[in-house]
Amino acid sequence: MDLLERHHRSGLRFETAELIESGSRVAVRFSWDGYKVFTFSGGRAVLLQDCVDRDDALAQLAAD
């Protein structure tokens, strides 16, 4: 999170281009980067996975 805060202070804005929800997971495509899959538990993100493309993100969302 420190890195995100530094980027924000230096003017980099994080815009989402797509959100895909599946249970406790959310795939997010950022305008400046590829897809990230966040897994939530107890109201907190407990896992962050980088994905090479949309198909990879969808596979991560479907994984057990």
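These numbers were taken from a predicted model, which means no experiment stands behind them. (Residues numbered from 1 in each chain as written. Predicted model: local features only at pLDDT ≥ 70, side-chain atom pairs only at ≥ 80, totals over all residues. Heavy atoms only, no water.)

Novice: Lay out the side chain of Arg25 with the relevant residues and their values.
Specialist: If you trace the backbone, Arg25 turns up in strand 2 (residues 25-30). A polar contact is formed between the side chain of Arg25 and the backbone oxygen of Leu61, at a distance of 3.3 Å. Residues within four places of Arg25 in sequence aside, it is in contact with Ile20, Val37, Phe38, Thr39, Gln60, Leu61, Ala62, Ala63 and Asp64. (Helix = DSSP H or I, 4+ residues; strand = E, 2+ residues; numbered from the N terminus. Polar contact = N/O pair within 3.5 Å; in protein donor to acceptor, adjacent residues only side chain to side chain. Contact = heavy atoms within 4.5 Å.)

Novice: So, the nonpolar core: which residues are in play, and what are the values?
Specialist: Within the largest apolar cluster, seven residues are counted, these being Ile20, Ala27, Tyr35, Val37, Cys51, Ala57 and Leu61. Counting residues per element, the ones that place at least two in this core are strand 3 (35-41) and helix 2 (54-62). Once residues within four sequence positions are removed from consideration, Tyr35 is found in contact with Glu18, Val28, Arg29, Gln49, Asp50, Cys51, Asp53, Arg54 and Ala57. (Core = buried A, V, L, I, M, F, W, Y, C linked by side-chain atoms within 4.5 Å. Buried < 20%, exposed > 50% of the residue type's maximum accessible area, 1.4 Å probe, protein only.)

Novice: Report on the sheet that holds strand 4 (residues 44-51), specifying residues and quantitative values.
Specialist: A sheet is described by the order of its strands in space; here four strands give the open sequence 1-2-3-4, paired in antiparallel fashion. The open sheet is flanked by strand 1 (16-22) and strand 4, the only strands paired with a single partner. Taking the axes of each pair of neighbouring strands and ignoring which way they run, one obtains an average angle of 20 degrees across the sheet. The pairing of strand 1 with strand 2 spans six bridges and is antiparallel. Among the inter-strand pairings, Ser22 is bridged to a residue of strand 2, identified as Arg25. Seen against the sheet, helix 2 touches strand 1, strand 2, strand 3 and strand 4 and runs at an angle of roughly 165 degrees to strand 2. (Pairing = 2+ DSSP bridges. Axes fitted to C-alpha atoms, helices over the stretch in contact; angles between N-to-C directions.)

Novice: Talk me through the side chain of Thr39; I want residue IDs and the actual numbers.
Specialist: Summarising the element assignment, Thr39 is placed in strand 3. Here Thr39 falls in the buried class, since its relative accessible area comes to 12%. When neighbours within four sequence positions are excluded, Thr39 is seen to be in contact with Ser24, Arg25, Arg44, Ala45, Val46, Leu47 and Gln49.

Novice: Please give an account of the packing of aromatic side chains that cites residues and values.
Specialist: One pass over the structure, following the stated rule, counts one aromatic pair. An angle of 25 degrees between the planes, with centres 6.4 Å apart, marks the rings of Phe38 and Phe40 as stacked. The exposure class of Phe40 is partly exposed, given its relative accessible area of 36%. (Phe/Tyr/Trp six-rings, centres within 6.5 Å; stacked < 30°, edge-to-face > 60°.)

The values are spatial; any link to function lies outside them.
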